[in-house]
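Each chain, written out:
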Amino acid sequence: MTTYGMVIDLERCVGCHACVAACKVQWEVPAGESRDWVVPIGPTKDAEGLLSGFYVGLCMHCERPSCVEACPTKATFKRDDGIVVVDRALCIGCGICVGACPYGARYHHAGLRKVDKCDFCQ
């Protein structure tokens, strides 16, 4: 079974949020919500001085996703390639899966009245 992962070179990330903005535009993510995010790390001090960087977060497409187990309608499921997706036709917008995600990688899309998340640009 093929499993996909997203690689982000944190050495090159300057925290500009362009990835977040592009995702919001591409997938029509409402203001105040996001499928991905950028978090500053640091600054911390080491022997060479101050260090800082950024962490880019998104759905981890977990091995055993708690959001899949939490979904009462089975709208959230894991595909054979490991990508966790939401079937909008089955989603009732209850948000139980939002609370079940340990990464905060889901949100309730008010306009659609459904849950949304990163789906690797399916």
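(A) A look at the overall build of the chain. Along the backbone of the chain there are three helices and six strands. Listing each helix as α and each strand as β along the chain from the N terminus yields α-β-β-α-β-β-α-β-β. Referenced to the eigenvectors of the C-alpha coordinate spread, the extents of the chain come out at roughly 55 × 35 × 25 Å. In the chain, which comprises 122 residues, the proportion classed as buried is 30%. Here the contacts in the chain between residues at least 6 apart in sequence split such that 42% fall between residues at least 24 apart. Approximately 7900 Å² of the chain is accessible, and the part contributed by carbon and sulfur atoms is 57%.

(B) Highlighting unusual backbone geometry. In the segment running from Gly-42 into Pro-43, the intervening peptide bond is cis, with an omega of 10°. Tracing the sequence through the fold places Pro-43 in strand 1 (residues 36–46). In the Ramachandran plot, His-17 falls in the positive-phi region, its phi being about 65° despite a non-glycine side chain. Here His-17 is to be found in the segment before helix 1 (18–27). We classify His-17 as partly exposed; its relative accessible area is 37%. Positive phi outside glycine occurs at His-61, with the angle close to 45°.

(C) Geometry of the environment of Thr-3. Residue position: Thr-3 is located in the segment before helix 1. Relative accessible area serves as the criterion here: at 53%, Thr-3 is assigned to the exposed category. Taking the C-alpha atoms as reference, Thr-3 lies 28 Å from Val-14; in sequence the two are 11 residues apart.

(D) View of the pattern of salt bridges. Counted under the stated rule, the structure contains four salt bridges. The shortest N-O distance in the salt bridge between Asp-116 and Arg-35 comes to 2.8 Å. Of the two residues, Asp-116 is situated in strand 6 (residues 114–117) and Arg-35 in the loop between helix 1 and strand 1; the sequence distance between them amounts to 81 residues. Classification of Asp-116 by relative accessible area gives buried; the value is 5%. By relative accessible area, Arg-35 is classed as buried at 4%.

What counts and how
Residues numbered from 1 in each chain as written. Predicted model: local features only at pLDDT ≥ 70, side-chain atom pairs only at ≥ 80, totals over all residues. Heavy atoms only, no water. Helix = DSSP H or I, 4+ residues; strand = E, 2+ residues; numbered from the N terminus. Buried < 20%, exposed > 50% of the residue type's maximum accessible area, 1.4 Å probe, protein only. Contact = heavy atoms within 4.5 Å. Areas by Shrake-Rupley, 256 points an atom, 1.4 Å probe, with all protein chains shown as cover. Salt bridge = Lys/Arg side-chain N within 4 Å of Asp/Glu carboxyl O.

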